[in-house]
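Structural description and commentary
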Amino acid sequence: MTFDGTDFYAALIHELKNSLGLLSMTIDSIPMRGDAVHDEAVDSSRLLCQEVVDRLQQALLVYKAANQPIRPRIDAYSPHDLIDALKARAVFLARGRLHVEAELASDIPAFWFFDRDLIEMAMINAIQNSLAHARSSIRIEASLVEASLALSVRDDSAGYPPHILANVATNTPCHASGTGLGLQFSRLIAQSHDNKNRTGELRLHNDQGAVFCLLLP
Amino acid sequence: MSLPSFIKSNATGIDYAALRALVVDDYPGIRSALRLTLANFGVTKVQLVANAAEAIFQIRNKSFDFILCDFNLGDGRDGQQLLEELRHSNLITLETVFMMVTAESFYEKVVATAELAPDDYMIKPFSAEMLRGRLEGILLRKRAFKAVYQNFLAHDLESAMTACDALIRNEPKYLVDALRFKGELLVTLGRFEEAEALYQQVITLRAVPWARLGLARSLHLQKKDEAAEAELRDVLEKSPEMVAAYDLLSDVCLSKNDTAGAQGALEQGVSISSKTVRRQQKLGEMAHANGDLETARTAFSNALDKGRHSIFITPADVGNLCRVQLEQGDREAAETTLKKNKNTLQSSPEGKLVAAVTHGMVHTRAGKLQEAEKMLDAATELRAAGTRGDAQMMLDMAGVCMASGRFDEADGIVAEVAKNAHDSEALLSKARRIYEEAGRTEAGTGVLASATSGVRKLNNEGVVLAQRGDFKTAIEKLAIACNEAPFNPRIMMNAAWVILKYIDQAGMDDTLIATARSHLAEAERQAPGHARISGLRLQLKDVETRYGVQRTHPQ
């Protein structure tokens, strides 16, 4: 009998995704009790589960895109719908523990061209980071910056540590785990979006907390 | 579980409680979890099924507004195949929401045209808010497109286009979607130049692959094949996974008479997505025509394998595989193929004809002439009762007749095929070969000449008369041609064209317009997707509208 590694791998991933989906839906269905010991445990399981989901998606991205650039599937999407969806996810993950705000600048066009799945993946990763570090609130924003769509996540945490700001600013690959890894993916995703000789960017800075910003031309 | 009030707020006026949902997933745990997820935002009318067969059964029996289907359904058909079958058999309309659940964002989701694509994709695992957000987006879009869809479903493409224009002017959010739909309408209506301009307009916004593919298709349909090929090669360099582009590239190569290029394009498409039955069938036919029997055999047997339970598989597919196997001299394999597909073949007269003719060929090659005769008797009986196979199969039957010394019957069959394909060099040369092999080359030349010349003459006379403006006599000539060659797509199209011209000049004639309609339907059956058909449909529609013909449409 021959052993087809690719088929086997595909089947494993299928199973893994199913189990993870079930786990996430199961955690989502655990009711809150108003009892801190219980509720905090449920909250952290939910956030951990989301983190595993993020990592699995990133792992697949690496597997598929190994040694070749990420190929985004660009189409027209509504930035309004995107922000609505992200806010809904953030509110759900925050569970009332933190305040979530969303704001769209008034000059945001009705549609923009981007890969919705990749951008959602990067933004949810940023939201997840902010939820883990914010003191009381996070804010999701869309605006036009330098004729690009700027999608940001702001929080009131202590801000990004200097080495991360330096790494992202200088485009240095960081091999750290956790936060650094997610940011590196977000940077790749942003850079895979190009339009008329302009390339997307990830910009990080601190302004009364951490500010994560994807710029999509 | 309760959701935060933000998520429950329903300012859009969508009545989730009334939404009838069907969940298709092979994993029982996921099915029940999805039921809970849907209940979260008020969708409670939910039917759960495990595979494509169960889904089709449910959809045949009742209507659904929303189908949530996993791409990977274990054995049997996958989600994409299910969707294609549902659309092909008109089991769902544009108003039904179809969402595909996939395990990753990289699966073959770039599909040919809007009609073969789901409304949206969900990447697993997803949360209730994500699903609700996507679903709401689609429902609102379908609401905005209501007038477009209704006119489209009533075959009133002009009004559908007007409705698209209204969206383009007034609904910036749906501008790109409306342009995309309008592009497909323009192509269907045969207005290729306008379609080209529209796709150029989208490309100015952003060179999205579907617009570039639309542009290439519009160019190809205007016979600007060099430009179409250049566009496609460039699209494929940037998005090599875009299987639909290979299909179109193969058509473009074919119209440039580059049969090797056409086969190569299909092979690349198949190497990315091997599950599409129609692509395998096309590759098999192309490779067979190119004399690449090994590739043809693999493709035809893949078509049968992947297409088990598929509505796109017909008895002709079994015939195609056996024909290649016999041409390779592999009689045993042909017998095995027939044995494996025995039950399917015995379930329809067309299947019985394929079985009888192919068995006849097997026996002939094995030198068992008596058994071949028996099979031939069965085939003859089926043919006398009106059963026909495709042209290839009928020529096979003529070959068996010839080998059994039944020359008159063979000549009759060949004449019938030739009349109906008087302009198909491929079929005519295959017919010639049968005569050569039987040592009756001269007789063959005679049969083919008299079969085609009659039809060709009537057709040419009809066309010339019509060009002179004598539509009435042209109709008479072409009516005789139609009688002689009832399955000849070119004759059918010409006959329909002349009738429409006549009505245009002389006024409505109920009998004639019905004839034109049935000619067009036959042409579509014989030459699906022929470039001329959409234009003729448009003229027919135009005549009907002007004379206020009320047509009731199925559904």
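Definitions and cut-offs
Residues numbered from 1 in each chain as written. Chains lettered and ligands numbered in written order. Predicted model: local features only at pLDDT ≥ 70, side-chain atom pairs only at ≥ 80, totals over all residues. Helix = DSSP H or I, 4+ residues; strand = E, 2+ residues; numbered from the N terminus. Rg over C-alpha atoms; globule rule 2.2 N^0.38 Å. Contact = placed C-beta atoms within 7 Å. Domains from an automatic or database assignment. Nonpolar A, V, L, I, M, F, W, Y, C, P; charged D, E, K, R; others polar. Buried ≥ 20, exposed ≤ 12 C-beta atoms within 10 Å, placed from the backbone. Pairing = 2+ DSSP bridges. Right-handed = clockwise from strand over helix to strand, strands pointing away. Axes fitted to C-alpha atoms, helices over the stretch in contact; angles between N-to-C directions. pLDDT = per-residue confidence, 0-100. Core = buried A, V, L, I, M, F, W, Y, C linked by C-beta atoms within 7 Å. Parallel < 35°, antiparallel > 145°, perpendicular 65-115°, else oblique.

Observations regarding the overall build of chain B
Secondary structure assignment for chain B yields 28 helices and 5 strands. Here the C-alpha radius of gyration of chain B, 26 Å, is about what a compact globule of 555 residues would show, namely 24 Å. A separation of at least 24 residues holds for 56% of the contacts in chain B among residues at least 6 apart in sequence.

A short note on the domain arrangement of chain B
Taken domain by domain, chain B comprises domain 1 (5-144) and domain 2 (457-546). For domain 1 of chain B and domain 2 of chain B, the distance between their C-alpha centres works out to 43 Å.

Focus on the interface of chain B and chain A
Counting residues at the interface gives 31 residues for chain B and 32 residues for chain A. Looking at the side of chain B that touches chain A, the elements with two or more residues in it are helix H1 (5-8), helix H2 (28-40), helix H5 (128-144) and helix H8 (175-188) of chain B. By residue class, the composition of the side of chain B that touches chain A is 18 nonpolar, 8 polar and 5 charged.

Focus: the domain arrangement of chain A
All names here are of chain A. Partitioning chain A into domains gives domain 1 (5-65) and domain 2 (75-216). Each of domain 1 and domain 2 was reduced to a C-alpha centroid, and the two centroids are 21 Å apart. Contact with domain 1, which involves 9 residues of that partner, is made by 11 residues of domain 2. Of the residues contributing to the side of domain 1 that touches domain 2, the split by class is 2 nonpolar, 3 polar and 4 charged.

Section: the pairing of strand E3 (residues 66-70) of chain B
All names here are of chain B. Among the 5 residues in E3, 5 count as buried, and that is most of the element. Neither face of E3 is left uncovered, since the one carrying Phe66, Leu68 and Asp70 and the one carrying Ile67 and Cys69 both have all their residues buried. Pairing between strand E1 (residues 20-24) and E3: 4 bridges, direction parallel. Within E3, the position partnered with Leu22 by the bridge is Ile67. Assessed by its sense of winding, the connection that carries the chain from E3 through helix H4 (residues 79-88) to strand E4 (residues 97-102) is right-handed.

Structural notes on the sheet that holds E4(B)
Residue and element names in this part refer to chain B. Pairing within the open sheet is parallel, and its 5 strands lie in the order E2-E1-E3-E4-E5. The open sheet terminates on both sides in strands that have one partner only, identified here as strand E2 (45-49) and strand E5 (120-123). Strand-to-strand twist of the sheet, defined as the mean angle between neighbouring strand axes without regard to direction, takes the value 20 degrees. Relative to E2, E1 runs parallel, the two sharing 5 bridges. Paired with Leu22 across the bridge in E2 is Gln47. The sheet contacts of H5 involve E3, E4 and E5, and relative to E4 the element is tilted by about 150 degrees.

Details of the confidence of the model for chain B
Residues and elements named next belong to chain B. Across chain B, the average pLDDT comes to 89, with 95% of residues at or above 70. Within chain B, no element has a lower average pLDDT than H1, which sits at 41, and none a higher one than E1, at 97. When the criterion is pLDDT under 50, residues 1-9 qualifies, and its contacts beyond four places in sequence or with other chains add up to 15 contacts. Scoring the predicted complex yields pTM 0.84 and, for the interface, ipTM 0.86.

Observations regarding the nonpolar core
All names here are of chain B. Ranked by size, the top nonpolar core spans 185 residues in total, and within it Ala21, Ala398, Val417 and Ala431 carry the most contacts. With 10 residues, the top contributor of residues to this core is helix H21 (residues 391-403). Other than its neighbours up to four places away in sequence, Val417 contacts Ala391, Met394, Leu395, Leu427 and Ala431. With 27 residues, the next largest nonpolar core counts Leu478, Ala481, Leu536 and Leu540 among its residues.

Observations regarding the sheet that holds strand E5 (residues 148-155) of chain A
Residues and elements named next belong to chain A. The sheet built from 5 strands is open, its strands ordered E2-E4-E5-E9-E8 with mixed pairing. At either margin of the open sheet sits one strand with a lone partner, and together these are strand E2 (99-104) and strand E8 (201-206). Between one strand and the next, the sheet's axes are offset by a mean angle of 15 degrees, whatever the strand orientation. Relative to strand E9 (residues 210-216), E5 is paired through 6 bridges, and the arrangement is antiparallel.

A short note on the packing of helix H12 (residues 243-255) of chain B against helix H13 (residues 259-272) of chain B
Residues and elements named next belong to chain B. Two elements in contact, H12 and H13, have axes separated by 7 Å at closest approach and are oriented at 170 degrees. Judged by the inter-axis angle, H12 sits roughly antiparallel to H13. Where H12 approaches H13, its residues Val243, Tyr246, Asp247, Leu249, Ser250, Cys253 and Leu254 are matched on the opposing element by Thr259, Gly261, Ala262, Ala265, Leu266, Gln268, Gly269 and Ile272. Of the residues that constitute the contact of H12 with H13, the class distribution is 9 nonpolar, 5 polar and 1 charged.

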